[in-house]
Amino acid sequence: MDSSLESQKLVFEKEGVYLHTHAKHSNQDTTIPGCIRIVERGGEPALEWSPLEEDRGRAPAVFYTKKDGEGGEEETNFDPGYEPDWAVISTVKKAREHPPVREMGTAKVNTSGTLSLCAMPPHPHVPMSGSVMNSVCRVPGQWGPFSLPLSELYSLRRARFSLGRNFLVLTSRGGHPLPPLHFHRGGTMDLLRALQRYIILAPSPVDGRLFLAYPHDSGALSQSFDELQLFDDGSSDLVSRFIQDPYATTLGGFSKVTNFFRGALRPPESSHYGHTPQNAHGPPSADDEPGFELITCGVELGPRPQVTRGTPLDKWEEFLDMEGRVQNPQKVKEMIFRGGVSALLRKEVWKFLLGFYPWSSTALERQDIMRVKTDEYFRMKVQWKSVSEEQEMRNSLLRGYRSLIERDVSRTDRHNKFFSGNENPGLALLHDVLMTYCMYNFDLGYVQGMSDLLSPILFVTQNEVESFWCLTGFMELVHQNFEESQEAMKQQLLQLSILLKAIDPELCDYLDSQDSGSLCFCFRWLLIWFKREFSFEDILTLWEVMWTRLPCANFHLLMACAILESQRGELIGSDHDFNTILKHINELTMKLDLQALLCAAEAIFLQLAACKDLPVKVQEVLGLHVPLSPDTEDPAEDLTEEQPLIGLSQTDTTATKS
């Protein structure tokens, strides 16, 4: 018995840690009170939760001991500086099959060592042993405890519940999240301090509330932030920057993704690839790529056509009939795709491109639409304007939205005269439109980066109501980019890798060999549609071109391919590794030739569309795939009709298409 006590050491304990059986309620009937502990057994620390016995009656306590030989108070580096619980990005995991389960006594133990506690009686005084217990299963009348060795902790997310209480979400290296732990009496920072003694909790470079867990000797943290050159000023105090300025640190660093984000894109169990100097430049196997399917085109692509750009749309009235109805919307879109819109017409044309006005509407109908939409907008605006300070103190979600919006508005496009200066009315409009969007779409609310999408629209329309409804139209196209699951972003990165593998397998293989095949450095490009990569004036042109949805809905992926191909010689011809590739890509900001890249992106589409044996997966990305059915006569004819832009290419492109 003495030896057993010596081998077990209670390091940390905190009561008042609850499981919520329903996420949006916290009354007594839907919460399970419990205790969280860190326990050492034989030198192996584990994090454990167990429900409290009803008759324990002990006062809550928070304490933890020092490791042998340690002295002084430990510092914590974990407070992200803001609380609202929505994410710009979360970790990306590859889907994995669950290991088979074998029976063992009254509990189920799978081959990875995970113990399901569905049949285990909870007991707060009996420490767990052995396996990772990563699930809490309800049996009649009770919830089971769990135990997680800290060596099996992959990530930790700290957030705040709608009632203002902090909660933590832990994920094991098996990819399974544990139930959220709600700290009704505080104490999350004390727990994080205790954990820091055993593991390194590295803040994600793109989400200040997400921490990736590494052992203290992890090679993943061997390089300093200065060596990675993640930020322009070279500051190594990344954690302090997250606390003081989460917006600039996260959104500003998207295209400079670190080894931490690269680790988040892999399955937890394979945090390092086995590329050796001998095979560094050879094509990787499909197993090396986490969650991204390697596509070999398998056919010879024809010559890539030369494409030229046209002039901006500068005549509008000639496309309107006597009642003000647009007579040929498709031709208008084709002209916009070919050359953009002149500055004088943007205010009117953008309202059609973004769905505020239907293309078939008459001038009188548009007046009615404006009147109805104006009333609707101000009704929503009054909703948040009428919330008193006292009410807002009891609404942490609205309070969080307002806090983020105020921070972001003060940082968005301040170099532009429309938003420069402290008392600029443009800033007030930016703030009010974003707050009203929270009332329009409260489920999504406000996510960092959305101010970047609004500012060009507000600059062009210079009208509060019009800019709001144009923003809602834009968000219809990209709202999935901002959802916390990030499934849409993962899908777009996968589609981008499919396209790049088809058009330039050598470049794709080179990036794979340098551990960059995930293309995670393109994340910011896709998230906010290249807003940070081009000048403000170029973005106006690029967005109106992409809003036409020609020649396909994924033209933004073709733009990304064009940018990567434009850097082909620099990437392959130099001795780059993962970090220098990220640094090089980031330094392209404001140095890209928009018109040349638009030509290249269209040429890529034409080259792929002309290939008769194009793989189905590539066709699906380009919107060219037509599933065969008994009623389908000739898929090729359908594709020609659905892609009239191909026939509109300049004379020197049509000869290459047969």
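Fair warning: this is a prediction, and the values are worked out from it, not measured in the lab.

1. Some details on the overall build of the protein
Along its length, the protein carries 26 helices and 15 strands. Per-residue burial for the protein yields a buried fraction of 54% across its 658 residues. A sequence separation of at least 24 residues applies to 69% of the contacts in the protein between residues at least 6 apart. When the accessible surface of the protein is split by element, carbon and sulfur atoms take 51% of a total near 29,100 Å².

2. Describing the packing of helix H18 (residues 536–547) against helix H22 (residues 594–609)
Contact geometry for H18 and H22: axes closest at 11 Å, N-to-C directions at 20°. Classified by the interaxial angle, the pair formed by H18 and H22 is roughly parallel. Two packed elements cross with a definite hand, and for H18 against H22 that hand is right-handed. Here Asp538, Thr541, Leu542 and Val545 of H18 come into contact with H22, specifically with Leu594, Gln595 and Leu598. Considered class by class, the residues forming the contact of H18 with H22 number 4 nonpolar, 2 polar and 1 charged.

3. Concerning the pairing of strand E3 (residues 44–51)
In terms of burial, E3 is a largely internal element, 7 of the 8 residues being buried. Sheet topology places strand E2 (residues 31–41) next to E3; 8 bridges connect them, and they run antiparallel. Each bridged residue has a counterpart across the sheet, and for Gly34 the counterpart in E3 is Pro51. Relative to strand E10 (residues 146–149), E3 runs antiparallel, the two being bridged by 4 bridges. By the bridge assignment, Ala46 is partnered in E10 with Pro149.

4. Here's the deal with the pattern of salt bridges
Applying the stated rule across the entire model yields 29 salt bridges. Here Asp314 and Lys315 are joined by a salt bridge, their closest N and O atoms 4.0 Å apart. Since its relative accessible area comes to 51%, Asp314 is described here as exposed. A salt bridge links Arg346 to Glu544; the nearest nitrogen and oxygen atoms lie 3.0 Å apart.

5. Considerations on the side chain of Thr188
You can see Thr188 is positioned in helix H2 (residues 188–196). Setting aside residues up to four positions removed in sequence, Thr188 forms contacts with Arg158, Asn166, Leu168 and Phe183.

6. Overview of helix H14 (residues 464–478)
Helix length check: H14 (15 residues) gives 21 Å between terminal C-alpha atoms against 21 Å at 1.5 Å per residue, within 8%. The buried fraction of H14 amounts to 13 of the 15 residues, a majority that puts the element mostly inside the structure. The residue sitting at the N-terminus of H14 and contributing the capping side-chain oxygen is Asn463; that oxygen lies 3.0 Å from the backbone nitrogen of Val465.

7. Describing unusual backbone geometry
Note that the residue after Leu550, namely Pro551, is joined by a cis bond; omega there is -10°. Of note in this structure, Asp515 is not a glycine but carries a positive phi near 65°. Mapped onto the elements, Asp515 comes out in the loop between helix H16 (505–513) and helix H17 (523–527). Phi at Phe530 is positive, roughly 65°, even though this residue is not glycine.

8. Quick word on the environment of Asp538
As for its position among the elements, Asp538 is in helix H18. Judged by its relative accessible area of 25%, Asp538 is partly exposed. Spatially, the C-alpha atom of Asp538 lies 9.9 Å from that of Leu592, the residues being 54 residues apart in sequence.

9. Structural notes on the environment of Arg157
In this fold, Arg157 is placed in strand E11 (residues 153–160). Overall, the relative accessible area of 12% leaves Arg157 in the buried class. On a C-alpha basis, the gap between Arg157 and Ser204 in space is 10.0 Å, while along the polypeptide they are 47 residues apart. A distance of 3.2 Å separates polar atoms of two side chains, one belonging to Arg157 and the other to Glu484.

10. Considerations on the confidence of the model for the protein
On average, residues of the protein carry a pLDDT of 74, and 65% of them reach 70 or more. Counted against residues more than four places away or in other chains, residues 22–29, with its pLDDT under 50, gives 11 contacts.

11. A closer look at the state of the cysteines
Going through the model one piece at a time under the given rule, you end up with 0 disulfides. Unpaired in terms of disulfides, Cys522 finds its nearest cysteine sulfur in Cys520, a separation of 8.2 Å.

12. Details of the packing of helix H13 (residues 450–461) against H18
Close contact between H13 and H18 brings their axes to 11 Å; oriented N to C, the two are set at 95°. By the angle class used here, H13 and H18 are roughly perpendicular. Residues Asp452, Leu453, Ser455, Pro456, Ile457, Phe459 and Val460 of H13 touch H18, and the partners they reach there are Phe536, Ile539, Leu540, Trp543 and Trp547. Here the contact of H13 with H18 is composed, by residue class, of 10 nonpolar, 1 polar and 1 charged.

The rules behind these values
- Residues numbered from 1 in each chain as written.
- Predicted model: local features only at pLDDT ≥ 70, side-chain atom pairs only at ≥ 80, totals over all residues.
- Heavy atoms only, no water.
- Helix = DSSP H or I, 4+ residues; strand = E, 2+ residues; numbered from the N terminus.
- Buried < 20%, exposed > 50% of the residue type's maximum accessible area, 1.4 Å probe, protein only.
- Contact = heavy atoms within 4.5 Å.
- Areas by Shrake-Rupley, 256 points an atom, 1.4 Å probe, with all protein chains shown as cover.
- Axes fitted to C-alpha atoms, helices over the stretch in contact; angles between N-to-C directions.
- Parallel < 35°, antiparallel > 145°, perpendicular 65-115°, else oblique.
- Left-handed = near helix turned anticlockwise from the far one by under 90°.
- Nonpolar A, V, L, I, M, F, W, Y, C, P; charged D, E, K, R; others polar.
- Pairing = 2+ DSSP bridges.
- Salt bridge = Lys/Arg side-chain N within 4 Å of Asp/Glu carboxyl O.
- Expected span 1.5 Å × (residues − 1).
- Polar contact = N/O pair within 3.5 Å; in protein donor to acceptor, adjacent residues only side chain to side chain.
- pLDDT = per-residue confidence, 0-100.
- Disulfide = S-S within 2.5 Å.

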